[in-house]
Amino acid sequence: LMQIVPREYVFIVDISGSMHGFPLDTAKELLQDLVGGLRASDSFNIMLFAGSKQTLAPQSVPATRANIEQGLEMLRRQSGGGGTELVPALRAALAMKSDPDRARTFVVVTDGYVSVERETFELIGKNLSQANLFAFGIGSSVNRQLIEGMARAGHGEPFVVLSSGDAKQEAERFRKMIAAPVLTHIQARFEGLDAYDIEPQSVPDVFAQRPIILFGKWRGAPKGRLILEGRTATGQFRIELPVKDAQVSAKNAALRYLWARQRVAQLSD
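Quick summary incoming for the structure in this document. (Residues numbered from 1 in each chain as written. Predicted model: local features only at pLDDT ≥ 70, side-chain atom pairs only at ≥ 80, totals over all residues. Heavy atoms only, no water.)

1. Observations concerning the overall build of the chain
Test applied: Helix and strand assignments come from DSSP, with helices taken as H or I runs of at least 4 residues and strands as E runs of at least 2, each series counted from the N terminus. Here the radius of gyration uses the C-alpha set of atoms, whereas the globule reference equals 2.2 Å times the residue count to the power 0.38. Relative accessibility decides the category of a residue: with a 1.4 Å probe and only protein chains considered, values under 20% of the type maximum give buried, values over 50% give exposed, and everything between is partly exposed. Using the Shrake-Rupley algorithm and a 1.4 Å probe, accessible areas are obtained, with residue cover drawn only from the displayed protein chains. Positive charges come from Lys and Arg, negative ones from Asp and Glu, while His and the chain ends are left out of the count. Lys charges are placed at NZ, Arg charges at CZ, Asp charges at CG and Glu charges at CD.
From N to C terminus, the chain includes 7 helices and 13 strands. Its C-alpha radius of gyration of 20 Å places the chain within 12% of the 18 Å reference for a compact globule of 269 residues. For the chain, the proportion of its 269 residues judged to be buried stands at 46%. Taken as a whole, the chain presents about 13200 Å² of accessible surface, with 52% of it coming from carbon and sulfur. Side-chain charges in the chain split into 32 positive and 29 negative, and the spacing between the mean points of these groups amounts to 5 Å.

Next comes the structure, spelled out in structure tokens:
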């Protein structure tokens, strides 16, 4: 039986003027589905942002029926207005007190009309070890570059909802992907191998539906080991993977293109 790490979700929802009408109505539907499906052992928070921001609570609260209803009611009262200040909202979410025993996931819901894409991607990429991030683009003309860039930076997947009919389906796809965090707070390091240009620079959580892939380069002799450490539902986890000469093969030549593709996507963002 797979041991699942306790979960914390912070929903960061755009309520700016461009979200008025269909996008915000669909975001409410989506949140009803996502928040309503939380387990009693989960905790959650909701942050609404436009030019300013407001949160359900200073830090995440247990996913009780009463708390869930309070969060959804806060969202239902919004009609959309103001500018879109995503970076301050993400910074504020990262600054919220977190529980080290929980797998923290940020869910950003926006139509993506912000002007600071590069800052957004850098902030997400540098804080992967603190929280996983998934991006939902909502609206008939979503800024896909921002949604896909956030997903790449967060090592999540982009979810795009163009019509209210898509909301339930995408919520279900998202729920399946993140349902089972099995290893969190991961640190990866090489000993005895001269490794460099490693991607990603900080490592996201392992979900049952999402493995971790590290790309990098090495020089010198193929020796040493990769050490992975993290936290499971039952305590600390550590594994050592030896690097052996026998693993170096001409058949692995495609790896250099995979690394380059990853780096080019990051530089493009």
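Still to come is the rest of the account.
2. Considering helix α5 (residues 144-154)
Note the following rule: Contacts are residue-level and defined by heavy atoms, with any inter-residue pair within 4.5 Å sufficient. What qualifies as a polar contact is a pair of N or O atoms within 3.5 Å, subject to a donor-acceptor requirement within protein and to the restriction that residues adjacent in sequence count only when both atoms come from side chains.
For α5, every residue scored as buried is listed here: L146, I147, G149, M150, A151, A153 and G154. Of the surrounding secondary structure, the elements contacted by the buried residues of α5 are α3 (86-95), β5 (103-110), α4 (117-126), β6 (132-138) and β7 (158-161). Regarding α5, its N-cap is N143, as a side-chain oxygen of that residue lies 3.2 Å from the backbone nitrogen of Q145 further along. Where α5 ends, the next residue or the one after it, H155, has phi of about 50 degrees, a positive value.

3. Points about the packing of α3 against α4
Quick reminder of the rule: A fitted line through C-alpha atoms represents every axis, and for helices the fit uses only the stretch in contact; the resulting angles, taken between N-to-C directions, go from 0 to 180 degrees. An angle below 35 degrees is read as roughly parallel, one above 145 as roughly antiparallel, one from 65 to 115 as roughly perpendicular, and any other as oblique. Each crossing gets its handedness from the near helix: less than a right angle anticlockwise from the far helix is left-handed, clockwise is right-handed. Polarity classes work like this: nonpolar for Ala, Val, Leu, Ile, Met, Phe, Trp, Tyr, Cys and Pro, charged for Asp, Glu, Lys and Arg, and polar for all others, with Gly in that last group.
With their axes 9 Å apart at the nearest point, α3 and α4 run at an angle of 15 degrees to one another. By the angle between their directions, the pair α3 and α4 is classed as roughly parallel. Between α3 and α4 the crossing geometry is left-handed. Contacts from L86, V87, L90, R91 and L94 in α3 reach E119, T120, L123 and I124 in α4. Residues of the contact of α3 with α4, tallied by class, amount to 6 nonpolar, 1 polar and 2 charged.

4. Observations concerning the packing of helix α1 (residues 22-36) against helix α2 (residues 65-76)
At their nearest, the axes of α1 and α2 sit 10 Å apart, and the two run at 170 degrees to each other. One element, α1, and the other, α2, form an angle in the roughly antiparallel class. Within the contact between the two elements, α1 uses A27, K28, L31, Q32, V35 and G36 and α2 uses R65, I68, L72, L75 and R76. Here the residues of the contact of α1 with α2 sort into 6 nonpolar, 2 polar and 3 charged.

5. A short note on the sheet that holds strand β10 (residues 206-207)
Formally: Strands are labelled as partners when DSSP assigns at least two bridges between them.
Pairing is antiparallel across the open sheet formed by 4 strands, whose spatial order is β10-β8-β12-β13. Among the strands making up the open sheet, the edge pair consists of β10 and β13 (235-242).

6. Examining the nonpolar core
Worth spelling out the cut-off: By convention a nonpolar core is built from buried Ala, Val, Leu, Ile, Met, Phe, Trp, Tyr and Cys residues, the set being connected through side-chain atoms within 4.5 Å.
Ranked by internal contacts, the top residues of the largest apolar core, which has 37 residues, are F11, V35, F44, V109 and F136. Among the elements of the structure, β1 (7-14), α1, β2 (43-49), α2, β5, β6, β7 and α6 (164-178) are those that each provide at least two residues to this core. The residues contacting V109, other than those within four sequence positions of it, are I12, V13, D14, A27, L30, L31, F136 and I138. F49, F106, L133 and V160 belong to the second largest nonpolar core, which has 26 residues in total.

7. As for the packing of aromatic side chains
Short version of the rule: Only Phe, Tyr and Trp rings are paired, with Trp represented by its six-membered ring, and only when their centres lie within 6.5 Å; those with planes under 30 degrees apart are stacked, over 60 edge-to-face, the remainder tilted. By definition here, charges over rings are those cases where NZ of Lys or CZ of Arg is within 6 Å of the ring centre and within 35 degrees of the ring normal.
By the definition in use, this model includes 7 aromatic pairs. An angle of 25 degrees between the planes, with centres 6.2 Å apart, marks the rings of Y9 and F11 as stacked. A single burial state applies to Y9 and to F11, both of which are buried. Aromatic pair F136 and F174: ring centres 5.3 Å apart, planes at 70 degrees, arrangement edge-to-face. Taken together, the positions of F136 in strand β6 and F174 in helix α6 put the pair 38 residues apart, joining distant regions of the chain. In textbook terms, an aromatic cluster arises when at least three aromatic residues are bridged by ring pairs, as seen for F134, F136, F159, F174 and F207. One residue, R219, lies across the ring of Y196, its end atom 3.8 Å from the ring centre.

It is worth stressing that arrangement in space is one thing and function is another; only the former is reported here.
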